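# Examination of the molecular architecture
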Amino acid sequence: MNTLMIPARDGTELACHQYEAQPDRPAQTRLLFFHGGSFNSRRYANLAKACAKQGFEMVLCDWRGHGESQGTAGTCDYIGQLEDDVADIISYFESNQPMSLVLGGHSLGSAICLRYIKKYGQQKLTGCYFIAPGISSNLESVRYDGPGSKASFRLRFWRKKPSFNPAPEAALKHLPKMNNRKFLMAIMLPFLRHTKIMNFPGSAKMAKLEGRVTDYSFNLIASVSITDYAQVFRQIKLPIVLICGEADEMLNPLFLPTVYQWHLGPTLDKQLHMLPKLNHMSVINGASRILPQWLIDRWGQAPVQEQEQEQEQEQEQVAQEQVA
Amino acid sequence: MMADIQSDIWINIDSPQSESCHLLGYLTNEAALREQLNVSGDSLNVLLDAAFKLWDKQVNQHLLGDYVIVYKTNQKLLITSSARASYTLYYQMDRGLVLSSDLTRMSKVVSEPQFMRNMVLGPLADNQTPFEGVSRLQGGETRLWQISGNVELTHQALLSNEQQSALAQQVRLPEAMPLIAPALADTKLTDLFNRLPQLAHQLGQPISDAGLAHFDQLLSATDAQMILLDSQWLNARNRIGEQRFEQSHHWCKSVFKRRLSKSTAQLKATQKTLATAYKASSANQSQSFNQWLDFNYVLPAWCQLLQDIARLHGKVLVNPFLQPAKALNLVMQVKAQPPQGYFSLEQASINNVLDAMQRLFYMGEKNTNTLFKLDPVTTRSVLKQHQNKPRQVEQLCIKLLTFDYLSRFGPLTLSQSHF
């Protein structure tokens, strides 16, 4: 693993951890990966190793203010800065180490990638992958109703919400908590947009040990939210894979099947994997099995070991023929 | 000459092709024909060849069954369909003569979708399709083109409703497995909801009822090749022809913008022509105008749609309602049909057609919002009627949703000029 510090347009250095494929077989395809909210790239090393083992280079990127990247933890300068960072990272690799590029991420990292596609288009990409995409700013996409969902439903549809499905205790342990009052204040008063309005669960001690960021500002939340997900998915023309656990605490299990059927083109090269029993975090283990295979099917070569075995078999066949 | 029984027909007259004969569907008087035409052996091509040589343009008055036949020689191309056929064939002349049983494939050679005409006229569209220049072969219709030299239509004829009824009455249906829908509670609504866009794309037109997706869902799960059409699949047929447009749609009129309302003039003109035909027919003694429309237009069009879905699965739908006695019985009982819908307002928002229709205001394509007034206030007032008109409200939502989908990913992307 090799860590690159890539400068963003404002000079902030972004840490990108490069997991290269086998040294004797240079990769033809590079995957850029953006981690989920609160975490950093460290959590996804196994996924990167699984892809690298199959002959793909994977680059795990720390968001600004997260992991080893520079920047203020839990906030960003303006709404949309994170997709600009994605663009800067892509430009860096395009200039210094050109290779076909597959973009994706986990949870809110997927949302950043979708925002990048919306703003910058998909010309520089050859594929995309989204693991449990964090599309939580819409009523229909979330698994459980939050405290403000009744009012939001009435505002959106002008009728009473017919049902209310609150999160159970077990799920609440994993879901971030939003301070709605501070959120509304930040909408009205721009100078409050750097104050913390959302808190991720978990003890502060453990979070410190894991290098997690537990408090997010309005600017950062707005930079990872994507309300017009339908339009972005509709414009995707690249091979795409969606991976999600059926027990995901955040996403409604019916959401991605609906996106797949209604918002991705009928003739698009698309795949959907809804993995039973896996939740929002354990789905990363499932993705470590599915993503490499999806890559091999499109851009891959047989793994080195298999290739060596094939070569040995061929040599044996030639030798046998010569003997015969 | 080669004859095929097949599930798909595609003929482009510009491409060099030998003499051929294609049959989509089935014949039910094959043994009697062999005897009458003195044709021995099992070969269908020899039989059809003999039949065309003897009866030529009147062949569909002698071949009984449910079919569409394309008969092509070096000089001529003849297409014909059986009386009250549930099979259909699409043809277009604008870019060279092209015939196809697949509307989506056919749409790729034309450039002007006219979904609105199809939405307004529904089953009264006769030979018109959602695509400008593409026509549909009607039940009991025959068309003959001269193809040596310039391609030219030299003959066209349509059997009268009375002739078609008399011929269809003689059809002896082949054995088939009935396809009965399970109770609504056992139906997977998520699968149903998510089937709608793909089905609309395959059919090349907006879906008008969730029952079609349900039919598609069950077909995909059955191994039987010959399926017997049950009357329950006909309950939801679009009854746009039963009443005047304003009367049948006054409850949802607020959703249609002025531009769309204008196209109802076409519906009025069609209805006027049909009313004259009804008065001239002998049926006006025993059937009301609405029953006459249902019997002659709405029911056959719905059966064609179901047959098209069966064709997508490579299956044959045996349609007992091509027989007039059974069809009449069904038409007379129309008021006893339950109005129950598939979806409810209490269902999860993500796979609920009613909520999804309201979301079109925020997520729909530009064209959809240009033609329909989908602001939350208007759509809420339409949804309020779901309690009394569950199936009608559901049908409207599904049509809007699949129209929006097709305008995005459909056979062709619509532009403003297409309306």
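Residues numbered from 1 in each chain as written. Chains lettered and ligands numbered in written order. Predicted model: local features only at pLDDT ≥ 70, side-chain atom pairs only at ≥ 80, totals over all residues. Heavy atoms only, no water.

## Regarding the overall build of chain A
Stated precisely, the cut-off is as follows: Numbering of helices and strands runs from the N terminus; a helix is a DSSP stretch of H or I covering at least four residues, while a strand is a stretch of E covering at least two. Any two residues whose heavy atoms approach within 4.5 Å at even a single point are treated as in contact. Every accessible area reported is derived by Shrake-Rupley at a probe size of 1.4 Å, with residue values counting cover from the shown protein chains alone.
Along chain A, the regular secondary structure elements total 12 helices and 11 strands. The long-range share in chain A, meaning contacts at least 24 apart out of those at least 6 apart in sequence, stands at 74%. Accessible surface, chain A: about 14,900 Å² in total, of which carbon and sulfur atoms supply 52%.

## Section: the sheet that holds strand β6 (residues 127–131) of chain A
Residue and element names in this part refer to chain A. Here is the rule we go by: Pairing between strands is defined by DSSP: at least two bridges between the two strands are required. To get an axis, fit a line to the C-alpha atoms, keeping to the stretch in contact for a helix; angles then go from 0 to 180 degrees between the N-to-C directions.
Taken in spatial order, the eight strands make up an open sheet running β1-β2-β4-β3-β5-β6-β10-β11, and their pairing is mixed. Edge positions in the sheet fall to β1 (2–7) and β11 (270–275), since each of these pairs with one other strand and no more. Pairs of neighbouring strands in the sheet enclose a mean axial angle of 20°, with direction left out of account. Strand contacts of helix α2 (residues 81–96): β1, β2 (13–19), β3 (29–34), β4 (57–61) and β5 (100–106), with the helix running at about 115° to β1, the strand carrying the most contacts.

## Observations regarding the interface of chain A and chain B
Cut-off, in case you're wondering: Buried area: the sum, over both parts, of the accessible surface (1.4 Å probe) that disappears when the two are put together. A side-chain nitrogen of Lys or Arg and a carboxyl oxygen of Asp or Glu constitute a salt bridge if their distance falls within 4 Å. Within 3.5 Å is the distance limit for a polar contact, defined as a pair of N or O atoms, with the added protein rule that one can donate a hydrogen and the other accept it, and that residues adjacent in sequence qualify only through two side-chain atoms.
If you look at the interface, chain A gives 26 residues, while chain B gives 30 residues. Taking both sides of the interface into account, the surface hidden between chain A and chain B amounts to around 2,500 Å²; carbon and sulfur atoms contribute 62%. The interface formed by chain A and chain B includes two salt bridges. Two residues, arginine 234 of chain A and glutamate 365 of chain B, come together in a salt bridge whose shortest N-O distance is 2.9 Å. Applying the counting criterion to the chain A and chain B interface returns 11 residue pairs in polar contact (both at pLDDT 80 or more).

## A closer look at the side chain of aspartate 88 of chain A
Summarising the element assignment, aspartate 88 of chain A is placed in helix α2. Setting aside residues no more than four positions away along its own chain, aspartate 88 of chain A makes contact with Ile6, Pro7, Ala8 and Arg9 of chain A.

## Describing helix α3 (residues 108–120) of chain A
Residues and elements named next belong to chain A. Put simply, the rule is: The span you would expect from a helix comes to 1.5 Å times its residue count less one. Each residue gets one of three labels from its accessible area relative to the maximum for its type: buried under 20%, exposed over 50%, partly exposed in between, using a 1.4 Å probe on protein chains only.
The first and last C-alpha atoms of α3 sit 18 Å apart over 13 residues, in line with the 18 Å expected at 1.5 Å per residue. With 10 of 13 residues buried, α3 is to be regarded as a mostly interior element. Buried within α3 we find Leu108, Gly109, Ser110, Ala111, Ile112, Cys113, Leu114, Arg115, Tyr116 and Ile117. Turning to α3, the residues buried within the fold contact β3, α2, β5, β6, α8 (218–223) and α9 (229–235). Phi turns positive, to about 80°, at glycine 121, one or two residues after α3.

## Considering the packing of helix α6 (residues 189–203) of chain B against helix α11 (residues 289–312) of chain B
Residues and elements named next belong to chain B. Threshold: By definition in this entry, angles of less than 35 degrees are roughly parallel, angles greater than 145 are roughly antiparallel, angles of 65 to 115 are roughly perpendicular, and the rest are oblique.
At their nearest, the axes of α6 and α11 sit 11 Å apart, and the two run at 100° to each other. Our classification of the angle between α6 and α11 gives roughly perpendicular. Counting all contacts with α6, which are made through Leu199, Gln202 and Leu203, the residues of α11 involved are Leu305, Asp308, Ile309 and Leu312.

## A few points about the environment of histidine 106 of chain A
All names here are of chain A. Within the secondary structure, histidine 106 sits in strand β5. Exposure remark for histidine 106: the relative accessible area of 1% places this residue in the buried category. Between the alpha carbons of histidine 106 and methionine 281 there is a distance of 9.0 Å; along the sequence they are 175 residues apart. In contact with histidine 106, other than residues within four places in its own chain, are Phe33, Phe34, His35, Gly36, Tyr44, Ile131, Ala132, His280, Met281, Val283 and Ile284.

## Digging into the pairing of strand β8 (residues 196–199) of chain A
Residue and element names in this part refer to chain A. Bridge count between strand β7 (residues 177–178) and β8: two bridges; the pairing is antiparallel. What sits directly across from methionine 178, in β8, is methionine 198. In this sheet, strand β9 (residues 215–217) lies alongside β8 in antiparallel orientation, the contact comprising three bridges. Paired with methionine 198 across the strands is tyrosine 216, a residue of β9.

## Observations concerning the state of the cysteines
All names here are of chain A. Operational definition: Only a pair of cysteine sulfur atoms within 2.5 Å counts as a disulfide in this structure description.
Scanning the model with the defined rule gives zero disulfides over all chains in all. Of all cysteine sulfurs, the one in cysteine 61 lies closest to cysteine 113, which takes part in no disulfide; the gap is 8.6 Å. Free of any disulfide, cysteine 128 has its nearest cysteine sulfur in cysteine 113, 8.7 Å distant.

## Description of helix α15 (residues 376–383) of chain B
As a reminder, the rule being used: When we speak of the arc, we mean the arc of directions from the helix axis to the C-beta atoms.
Those residues of α15 of chain B lying buried are Pro376, Thr378, Thr379, Val382 and Leu383 of chain B. Buried residues in α15 of chain B, looked at end-on, bunch into an arc of 160°, giving them a common side. Buried residues belonging to α15 of chain B abut α4 (149–157) of chain A together with α13 (353–363) and α16 (390–409) of chain B.

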